[in-house]
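Notes for the structure review
Now for the letters of each chain:
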Amino acid sequence: MSLHLQTPLIASRPLSLASGQEVWLKLDALQPSGSFKLRGIGLACETFAKQGKRRFVSSSGGNAGIAVAYAGRCLGIPVTIVVPQTTTERARQLIAQENAEVIVHGATWHEANELALSLLGGEDAFIHPFDDPLLWQGHSTMIDEVAAAGFKPDAVVLSVGGGGLFAGVCEGMARQGWDDVPVFAVETAGAASLAAAMAQKQRVALDSVKTYATSLAAKQVCQRAFELSQSRPVISHVLSDGQALEACERFLSDHRILVEPACGAALALAYAPSSALKQYEKVLVVVCGGVTATLDQIREWRAVS
Ligand SMILES: *Cc1c(COP(=O)(O)O)cnc(C)c1O
């Protein structure tokens, strides 16, 4: 049995009224770990467990780390997560509450990741947050669920960090024969690594990333995500942190679900569609979720952005 749940697909009255389109929501915020990440990470962890791995190691202080910790607890396999000092107390607690070992090391994610890699023994599995075909395979199941519900969208809206969600959704869409359906790939201005790659027609590493949508803060998208952006209809959309944060509060009020700004970014485009998105009648928004930002935190950020 898989570790993730089949999530609800609902037509959103508030979003449809706001956008003037039919807006449908795939509610992956309702996964037990609080984000879509459990789909891919759950599959990866199950696969590594079958291969005889005895420990899972990760360097994500975000939803990936939380999903690894959740998967390890469910599978009875110990988990070690190395996070940088910048990781919030809340994220550390969420990982620790799944019984995972949390090691705080280094000022940046890079240093934490180096230590995590140095800890790896032969019986350990390293779980990458976005760049692994197993992850994409796991994420792709959300599209199979949408198709099984008898729904085919005219456009799909999702957020892009390192591009694992995007790669997985495109994989599912290809399997369903939806290669003609465009994907609107949303990023915040301080972390627009896919937009940069698409503009330059090659994968580029940003010098720095700065956004309150912390789960989108990847300096470079994975190679697979870049390839997909060149080989199927993809429309890049970049918006501000303020728009993503506002969408979080609006979505909480409309649907009673709190999501991170990383997810608010996709919702913001659905609340106020671009002229390119307006052309489509039935829009599917991937509500990717995320649990590392409290409402107080979102309001604090909104006040200063
Ligand atoms: C990881 C994550 C993303 C971005 O996913 P990528 O696979 O890195 O593109 C978006 N939103 C949330 C809540 C996430 O946890």
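Note that the structure is predicted; figures quoted are calculated from it, not measured. (Residues numbered from 1 in each chain as written. Predicted model: local features only at pLDDT ≥ 70, side-chain atom pairs only at ≥ 80, totals over all residues. Heavy atoms only, no water.)

Looking at the site of the ligand
Surveying the vicinity of the ligand reveals 16 residues, the closest of which are K37, N63, G161, G163 and L165. With respect to the ligand, the backbone of G162 contributes an N or O atom lying 2.9 Å from an oxygen atom. In terms of residue class, the shell around the ligand is built from 7 nonpolar, 8 polar and 1 charged. (Near = heavy atom within 4 Å. Polar contact = N/O pair within 3.5 Å; in protein donor to acceptor, adjacent residues only side chain to side chain. Nonpolar A, V, L, I, M, F, W, Y, C, P; charged D, E, K, R; others polar.)

Quick look at the packing of helix α6 (residues 133-148) against helix α7 (residues 164-175)
Two elements in contact, α6 and α7, have axes whose closest approach is 7 Å; the angle formed by their N-to-C orientations is 55°. One element, α6, and the other, α7, form an angle in the oblique class. Classified by chirality, the crossing of α7 by α6 is right-handed. For the pair α6 and α7, contact is made by W136, Q137, H139, S140, T141, M142, I143 and D144 and by G164, L165, A167, G168, V169, E171, G172, M173 and R175, respectively. Here the contact of α6 with α7 is built from residues that sort into 7 nonpolar, 7 polar and 3 charged. (Axes fitted to C-alpha atoms, helices over the stretch in contact; angles between N-to-C directions. Helix = DSSP H or I, 4+ residues; strand = E, 2+ residues; numbered from the N terminus. Parallel < 35°, antiparallel > 145°, perpendicular 65-115°, else oblique. Left-handed = near helix turned anticlockwise from the far one by under 90°. Contact = heavy atoms within 4.5 Å.)

With respect to the UniProt feature "domain: Tryptophan synthase beta chain-like PALP" (unreviewed entry) in the protein chain
Per the UniProt annotation, the sites labelled "domain: Tryptophan synthase beta chain-like PALP" (unreviewed entry) are residues 5-289. What you have in residues 5-289 is 45% helix and 17% strand, and the ends, taken at the C-alpha atoms, are 14 Å apart. (UniProt positions renumbered as here; feature names shortened; annotations may be inferred.)

What to know about the pattern of salt bridges
The tally for this structure, following the rule as stated, stands at 10 salt bridges. Ionic pairing is found between R55 and D124, a salt bridge with its closest N-O pair at 2.9 Å. One end of the pair, R55, is in strand β3 (residues 55-58); the other, D124, is in strand β6 (residues 124-126), and 69 residues separate them in sequence. Here D124 falls in the buried class, since its relative accessible area comes to 15%. A single network of salt bridges, built from pairs that share partners, joins K26, D28, R39 and E145. (Salt bridge = Lys/Arg side-chain N within 4 Å of Asp/Glu carboxyl O. Buried < 20%, exposed > 50% of the residue type's maximum accessible area, 1.4 Å probe, protein only.)

A look at the sheet that holds β6
An order of β5-β4-β3-β6 is seen for the 4 strands of this open sheet, with the pairing classed as parallel. Strand pairing shows two members of the sheet lacking a second neighbour, β5 (101-104) and β6, which therefore form its edges. Neighbour to neighbour, the strand axes of the sheet diverge by 20° on average, direction disregarded. Sheet topology note: the strand β4 (residues 79-83)/β5 ladder contains 4 bridges and is parallel. Across the sheet, the residue bridging to V83 is V104, located in β5. (Pairing = 2+ DSSP bridges.)

Considering the packing of aromatic side chains
With the rule as written, the count across this model stands at 3 aromatic pairs. Centroid distance F184 to Y280: 6.0 Å. Interplanar angle 75°. Geometry classified as edge-to-face. Of this pair, F184 sits in strand β8 (residues 183-188) while Y280 sits in the loop between α12 (275-278) and β10 (282-287), and the two are 96 residues apart along the sequence. Its relative accessible area of 0% is what places F184 among the buried residues. Given a relative accessible area of 22%, Y280 falls into the partly exposed group. (Phe/Tyr/Trp six-rings, centres within 6.5 Å; stacked < 30°, edge-to-face > 60°.)

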